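Residues per chain are reported as follows:
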Amino acid sequence: MPCSRTYIGDAYTCTYTDQLAHHRGLADMTDSGELCNGLTDDVELPTLSELHRQLVGEGSHRRLVYSMKFGACQDAMVNFLDGYDAHLVIIEKLPNGVFADPFELQHFVERKVFLDVAVFGDTNLELPSALSNQSAVEIHFDLRPSTLTNCNLVVDLPLHARYPPLDVSGYATFEFGSPDLFLRYRKKETHSDSCLWVLKNLEAAPAEKAAWRIPCGDEAHIGFVSSITFLSALVCSMSIVLATLIF
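Throughout what follows, the structure given in this document is the object of discussion. Just so it is clear, the structure is predicted and the values come from calculations on it, not from any experiment.

**Re the packing of aromatic side chains**
Then step 1. One pass over the structure, following the stated rule, counts 4 aromatic pairs.
Then step 2. When the ring of Phe108 is compared with that of Phe114, the centres are 5.4 Å apart and the planes differ by 20°; the resulting orientation is stacked.
Then step 3. Residue classification places Phe108 among the buried positions, given a relative accessible area of 14%.
Then step 4. With a relative accessible area of 3%, Phe114 lands in the buried category.
Then step 5. One aromatic cluster in this structure is built from Phe80, Tyr84 and Tyr185.
Then step 6. Stacked on the ring of Phe108, the Lys or Arg Arg111 has its end atom at 4.8 Å from the ring centre.

Right under this line is the structure:
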């Protein structure tokens, strides 16, 4: 990790734009000379053997659920966590039509669900997808024996849909690429202010593509909907004026 940085996402870009997909992947940045090399002892590190991801829920508010399995962990994982502070870092690049609410995620941090979290890029929650840029979420999850169940780990990321552009099909589809996963660790006796963290790319196999079909308006209905909306607003306004004059 860069000594002056808290988040891995800051290591290769300060802001996320609609060109995010063209930046180098985080895995390409881990060998950069800008990174702070930690203590590299001969230690048996946990390896990620399986990664599954799916969207859960209905409507415009859903959860992206990560199911991970660490290979050959058992005693090796316990021994590793006894001597090291370890964090699982997940970085999910979100498509234009989807956003993560940073205020909601901070509540997860306060409830100790996540160790830390950051949202990079477009955090304007009011913008429709046509006017928004891409964003990314970085989650730091504290790895402890109590958080693992038979070498399995499940992490939920709450997400929300933006208003999509009009489409004759009545739906807009947004696809998620594969996330970046890292193991960040250091010896327990290391001073808390030290930057001596070791960063290891977990090199997870590409996760199944997750696609979110979001209902959208049909351009052919613009005239009808606009007329009804205008008439409804006019009737309501006249009713208010009339009520004010009478009473």
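**Description of the sheet that holds strand 4 (residues 98-99)**
Then step 1. Pairing is antiparallel across the open sheet formed by 4 strands, whose spatial order is 1-2-7-4. Two strands close off the open sheet at either side, each with one partner strand: strand 1 (47-56) and strand 4.
Then step 2. Here strand 4 pairs with strand 7 (residues 152-161) via 2 bridges, running antiparallel. Of the residues in strand 7, the one forming a bridge with Val98 is Ala161.

What counts as what
Residues numbered from 1 in each chain as written. Predicted model: local features only at pLDDT ≥ 70, side-chain atom pairs only at ≥ 80, totals over all residues. Heavy atoms only, no water. Phe/Tyr/Trp six-rings, centres within 6.5 Å; stacked < 30°, edge-to-face > 60°. Buried < 20%, exposed > 50% of the residue type's maximum accessible area, 1.4 Å probe, protein only. Lys NZ or Arg CZ within 6 Å of the ring centre and 35° of its normal. Pairing = 2+ DSSP bridges. Helix = DSSP H or I, 4+ residues; strand = E, 2+ residues; numbered from the N terminus.

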